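# Understanding the architecture of this molecule
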Amino acid sequence: MKSATLPSLRVEPKLRQAVERSLNSDETLSSFMEQALREKVKRRKNHNEFIARGLASRDKAKQNGEYYSADEVLASLDSMLANAVKN
């Protein structure tokens, strides 16, 4: 697949210096920026999917009238955690 370029990114000199200081020995500024973009895209995708699942759950609860209190949910999560710790 043919690669594409992104627009130049203007930042304050202090930010560029901070990024350059944080680079690993085998890392370039370009690779750092590419990885940061990939991670942000992934976070946004995960966030959007999370919101979609929440809205679908809300709609399902409205449809079937099945709701759970926060205390019930937390108790269930505590139980799941306790079982996971045992195993």
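Everything discussed here concerns the structure shown above.
Figured I'd write up the structure that's included with this text. These figures come from a predicted structure and were not determined experimentally. (Residues numbered from 1 in each chain as written. Predicted model: local features only at pLDDT ≥ 70, side-chain atom pairs only at ≥ 80, totals over all residues. Heavy atoms only, no water.)

Looking now at the overall build of the protein. Counting its regular elements, the protein contains 3 helices and 0 strands. Sequence-ordered secondary structure for the protein, helices as α and strands as β, is α-α-α. Taking 2.2 N^0.38 as the reference for a compact globule, 87 residues should give roughly 12 Å; the C-alpha atoms of the protein span a radius of gyration of 22 Å, well beyond that estimate. Viewed in the frame of its principal axes, the protein has a C-alpha envelope of about 55 × 35 × 30 Å. Counting the 87 residues in the protein, one finds 2% classified as buried. Carbon and sulfur atoms provide 56% of the accessible area of the protein, an area that totals close to 8,600 Å². Of the side chains in the protein, 16 bear a positive and 12 a negative charge, and the two mean positions are spaced by 7 Å. (Helix = DSSP H or I, 4+ residues; strand = E, 2+ residues; numbered from the N terminus. Rg over C-alpha atoms; globule rule 2.2 N^0.38 Å. Buried < 20%, exposed > 50% of the residue type's maximum accessible area, 1.4 Å probe, protein only. Areas by Shrake-Rupley, 256 points an atom, 1.4 Å probe, with all protein chains shown as cover. Lys, Arg positive; Asp, Glu negative; His and termini not counted. Charge placed at Lys NZ, Arg CZ, Asp CG, Glu CD.)

We now examine the pattern of salt bridges. A complete count under the given rule lists 4 salt bridges for this structure. Put simply, Arg-16 and Glu-20 hold a salt bridge, and the shortest N to O gap is 2.7 Å. Placement of the pair is Arg-16 and Glu-20 together in helix 1 (residues 13-22), with a separation of 4 residues, close to one helical turn. You can call Arg-16 partly exposed: its relative accessible area is 44%. With a shortest N-O distance of 2.6 Å, Glu-34 and Arg-38 are connected by a salt bridge. A residue pair is termed a helical-turn pair when its members lie 3 or 4 positions apart in one helix, as Glu-34 and Arg-38 do in helix 2 (residues 29-64) at 4 residues. On the accessibility criterion, Glu-34 (41% relative accessible area) is partly exposed. Residue classification places Arg-38 among the exposed positions, given a relative accessible area of 51%. (Salt bridge = Lys/Arg side-chain N within 4 Å of Asp/Glu carboxyl O.)

To continue, consider the environment of Arg-21. Tracing the sequence through the fold places Arg-21 in helix 1. For Arg-21, a relative accessible area of 64% gives the class exposed. Here the alpha-carbon distance between Arg-21 and Arg-38, two residues 17 residues apart in the chain, equals 21 Å.

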